[in-house]
Amino acid sequence: NSQRYAHVTAAVFLSKGFKVYLYLKTVATPMVAYATKARHASCGVMVTASHNPKIDNGYKVYGDNGAQIIPPVDEHISECIMANLNQWEGVDQLLDANTGLLKDTSKIVDLYDESVGSYMTEIPKDLARKPEATAKSNLKIVYTAMHGVGYPFVSQIVEKFGFKNLIVVPQQRDPDPEFSTVSFPNPEEKGALDLAMALADKEGSPMVIANDPDADRFAAAEKTKDGKWHIFHGDELGILFGAYQFQAFKEKGLPASSMLFICSAVSSRMLKKLAETEGCRFEDTMTGFKWMANKSMEVRNKEQFEHLLAYEEALGYQLSEKVADKDGVSASGVWVEMACELYAQGKTVHDKLDELRKKYGYFVTNNAYFLCYDPPTFKAIFDEFRNNGQYKWQLGKFKVTAIRDVTVGYDSTKPDKKCTFPLTATSQMVTLTFENGATLTARTSGTEPKLKWYSEMSSSDPAKARVELQEVVDAVIKDIFQPEKYGLKKP
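About the criteria used
- Residues numbered from 1 in each chain as written.
- Predicted model: local features only at pLDDT ≥ 70, side-chain atom pairs only at ≥ 80, totals over all residues.
- Heavy atoms only, no water.
- Helix = DSSP H or I, 4+ residues; strand = E, 2+ residues; numbered from the N terminus.
- Rg over C-alpha atoms; globule rule 2.2 N^0.38 Å.
- Buried < 20%, exposed > 50% of the residue type's maximum accessible area, 1.4 Å probe, protein only.
- Lys, Arg positive; Asp, Glu negative; His and termini not counted.
- Charge placed at Lys NZ, Arg CZ, Asp CG, Glu CD.
- Core = buried A, V, L, I, M, F, W, Y, C linked by side-chain atoms within 4.5 Å.
- Contact = heavy atoms within 4.5 Å.
- Pairing = 2+ DSSP bridges.
- Axes fitted to C-alpha atoms, helices over the stretch in contact; angles between N-to-C directions.
- Disulfide = S-S within 2.5 Å.
- Polar contact = N/O pair within 3.5 Å; in protein donor to acceptor, adjacent residues only side chain to side chain.
- Left-handed = near helix turned anticlockwise from the far one by under 90°.
- Patch = residues over 30% accessible without salt bridge, like charges linked within 9 Å, V, L, I, M, F, W, Y side chains within 5 Å.
- Areas by Shrake-Rupley, 256 points an atom, 1.4 Å probe, with all protein chains shown as cover.
- Salt bridge = Lys/Arg side-chain N within 4 Å of Asp/Glu carboxyl O.
- Expected span 1.5 Å × (residues − 1).
- Arc of directions from axis to C-beta.

1. Section: the overall build of the chain
Step number 1: Per the secondary structure count, the chain includes 15 helices and 18 strands.
Step number 2: Radius of gyration (C-alpha) of the chain: 23 Å, near the 23 Å computed for a compact globule of 491 residues.
Step number 3: Each principal axis of the C-alpha atoms in the chain carries an extent, and together these give about 70 × 60 × 45 Å.
Step number 4: When burial is assessed residue by residue, the chain has 53% of its 491 residues classed as buried.
Step number 5: When the 59 basic and 64 acidic side-chain charges of the chain are each reduced to a single mean position, those positions are 3 Å apart.

2. Notes on the nonpolar core
Step number 1: Within the largest apolar cluster, 90 residues are counted, with the highest numbers of intra-cluster contacts made by Phe241, Phe261 and Trp335.
Step number 2: Apart from the residues lying within four places of it in its own chain, the contact partners of tryptophan 335 are Met207, Ile209, Phe218, Ala220, Phe232, Leu237, Leu240, Phe241 and Val349.
Step number 3: Tyr391, Val430, Val472 and Leu488 belong to the second-largest nonpolar core, a separate cluster that totals 32 residues.

3. Regarding the sheet that holds strand S5 (residues 207-211)
Step number 1: An order of S4-S3-S5-S6-S7 is seen for the five strands of this open sheet, with the pairing classed as mixed. Looking along the sheet, the strands with just one partner apiece sit at the ends: strand S4 (166-168) and strand S7 (229-231). Across this sheet, the average inter-strand angle for adjacent strands is 25 degrees, counted without regard to direction.
Step number 2: Sheet topology note: the strand S6 (residues 218-223)/S7 ladder contains three bridges and is antiparallel. Pairing of alanine 221 across the sheet is with isoleucine 231, part of S7.
Step number 3: Along the sheet face, helix H6 (residues 151-160) touches strand S3 (141-144), S4 and S5 and points at about 165 degrees away from the line of S4.
Step number 4: Contacting S6 and S7, helix H8 (residues 234-251) crosses the sheet at an angle of about 95 degrees to S6.

4. What about the state of the cysteines?
Step number 1: The tally for this structure, following the rule as stated, stands at zero disulfides.
Step number 2: No disulfide involves cysteine 43; its sulfur sits 12 Å from that of cysteine 80, the nearest cysteine.
Step number 3: Look at cysteine 43 and you get partly exposed, because its relative accessible area is 31%.

5. A closer look at the environment of tyrosine 62
Step number 1: Locating tyrosine 62 in the fold gives a position in strand S2 (residues 58-62).
Step number 2: C-alpha separation for the pair tyrosine 62 and aspartate 374, spaced 312 residues apart in sequence, amounts to 32 Å.
Step number 3: Once residues within four sequence positions are removed from consideration, tyrosine 62 is found in contact with Thr29, Val32, Ala33, Thr36, Cys43, Gly44, Met46, Ala67, Gln68, Ile69 and Asp325.
Step number 4: Polar side-chain contacts of tyrosine 62 include one of 2.7 Å to the side chain of aspartate 325.

6. Focus on the packing of helix H4 (residues 112-127) against H6
Step number 1: One way to put it is that H4 packs onto H6 with a least axis distance of 9 Å and a crossing angle of 35 degrees. The handedness of the crossing between H4 and H6 comes out as right-handed. Between H4 and H6, the contacting residues are Tyr112, Val116, Tyr119, Met120, Ile123 and Pro124 on the first element and Phe153, Gln156, Ile157 and Lys160 on the second.

7. Notes on a nonpolar patch on the surface
Step number 1: A surface patch of nonpolar side chains, amounting to about 480 Å² of accessible area, comprises Val73, Ile77, Ile81, Met82 and Leu85.
Step number 2: With respect to the helices and strands, the residue leucine 85 is situated in the loop between helix H3 (73-83) and H4.

8. What to know about the sheet that holds strand S8 (residues 259-264)
Step number 1: If you trace the four strands from one edge of the open sheet to the other, you get S9-S8-S10-S11, paired in mixed fashion. Whereas interior strands pair on both sides, the edge strands pair on one side only; in this sheet they are strand S9 (281-285) and strand S11 (316-318). Taking the axes of each pair of neighbouring strands and ignoring which way they run, one obtains an average angle of 15 degrees across the sheet.
Step number 2: Taken together, the three bridges between strand S10 (residues 306-312) and S11 define a ladder with antiparallel strand orientation. Each bridged residue has a counterpart across the sheet, and for glutamate 312 the counterpart in S11 is glycine 316.
Step number 3: Sheet strands in contact with helix H9 (residues 270-278) are S8, S9 and S10, and its direction is about 160 degrees off that of S8.

9. Overview of H4
Step number 1: Over its 16 residues, H4 runs 22 Å from end to end, which matches the ideal 22 Å to within 8%, given 1.5 Å per residue.
Step number 2: All of the buried residues in H4 are Tyr112, Ser115, Val116, Tyr119, Met120, Ile123, Pro124 and Leu127. Angularly, the buried residues of H4 cover 145 degrees about the axis, an arc narrow enough to put them on a single face. Among the exposed residues of H4, those oriented more than 90 degrees off its buried face are Asp113 and Lys125.

10. Quick look at the pairing of strand S16 (residues 429-434)
Step number 1: Counting buried residues along S16, five of its six residues qualify, which places the element largely inside the surrounding structure.
Step number 2: Relative to S16, strand S14 (residues 398-405) runs antiparallel, the two being bridged by five bridges. Its bridge partner lying in S16, valine 400 is registered against phenylalanine 434.
Step number 3: Relative to strand S17 (residues 439-444), S16 is paired through five bridges, and the arrangement is antiparallel. When the sheet's bridge partners are listed, valine 430 is paired in S17 with alanine 442.
Step number 4: Hairpin geometry of S16 and S17 is characterised by an intervening segment of four residues between the two adjacent antiparallel strands and by a positive phi of about 95 degrees at glycine 437.

11. Things to note about the pattern of salt bridges
Step number 1: Counted according to the given criterion, the structure contains 31 salt bridges.
Step number 2: Of the charged contacts in the structure, one is a salt bridge between aspartate 201 and lysine 223, with a shortest N-O distance of 2.5 Å. Placement of the pair is aspartate 201 in helix H7 (residues 194-203) and lysine 223 in strand S6, with a sequence separation of 22 residues.
Step number 3: The exposure class assigned to aspartate 201 is partly exposed, which follows from its relative accessible area of 41%.
Step number 4: Aspartate 383 is the partner of lysine 379 in a salt bridge, and the nearest nitrogen-oxygen pair spans 2.6 Å. Of this pair, lysine 379 and aspartate 383 both sit in helix H13 (residues 375-386), separated by four residues, roughly a single helical turn.

Set out below in structure tokens:
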């Protein structure tokens, strides 16, 4: 139904006299973010299946700056919905009663060819540094679109970056609303890359890249020296992209003090370590690209900074300021260029990751969640920890040195004790920093019955750090989450 929803949306705007640009063919989500900004539109709408269950459609709204909307715009839209529950006159007349599609597409402007063509020119101009060297590479890379819309865009972008050895998983190349070869079309899910890795084995390729169905996320896997496949997690990809961007902009002559890196509060602090070590600007934000893209523009509007990377651990990467959202298409181009350069030097991507860990530290993570189907329980758990402002500063044997409670707007590290993140009164989010250097963020999910935690610790001894980090997590579970008391279930 995605196409029908898109046409209904176009009809609503047409009925009110707006000029409407409508892609008449399926596109990757970044194409809407790109066109909203490039066309100076009042807003943009993407109807997408994304990596959700196949019965769901998502409705993604962009503001006139090309970034996803943030408060208070979302609240104003919600108020307008409630005030307009009766359908407007003039909308039905524009739609075919049988197909649900626009009767007359001459009333809209189809910008597919112009906009995609522009993207394929502008993004490589921004991000492709070595197309001639990439063109000489013998590296073969397998790509899967995960039954989504990514293939036409990724195949074009890697060619613009100079790469000619892309092998596509045929069973997953074209859009398929049934997602027939995977149980859940998310590259993060176990088994999602099995077909791609099997094809890579057959073709003698050491590398797989992937998008989710709407191609705004990016994933990669590499065969290690022992012959096993390693699927990079989101934070590993983040530091690899960050280091590559840093080197590329440094070679262009941009001073480190003018470089801007951003990641979400639940992503690894390794990017922050890179930024601090090299003298770059670093910002962290709430989870979600609506916060990161708007933060990037906010910083760049006030001061002279160059956007190098914004990322979140859930496989989202923004490498160009021309797309104010995560973009799995441009990420594919940059990754391919980086991989070709490393392999030409006789290195693997894993080798590069090891180099970065030796330089910036080995950051180990412990991320998981509990299930709970009673939303008030989540509030009760966090409220007990808050204890009317008398927070727990000792959890087991571990001393807490800082607390940021976004839900109530408290941050112990600030002189005025006020959190700089926007309040999230309808959801729970608390970040703890421990004396041993560990951090843990606990938050509820806005779309799933989950209490999630994201914890991290850096050390020169990763095995020891994993053990200690697990002890920190165990203390948080025992003293804050209290699964027995609150009926939390393991997945």
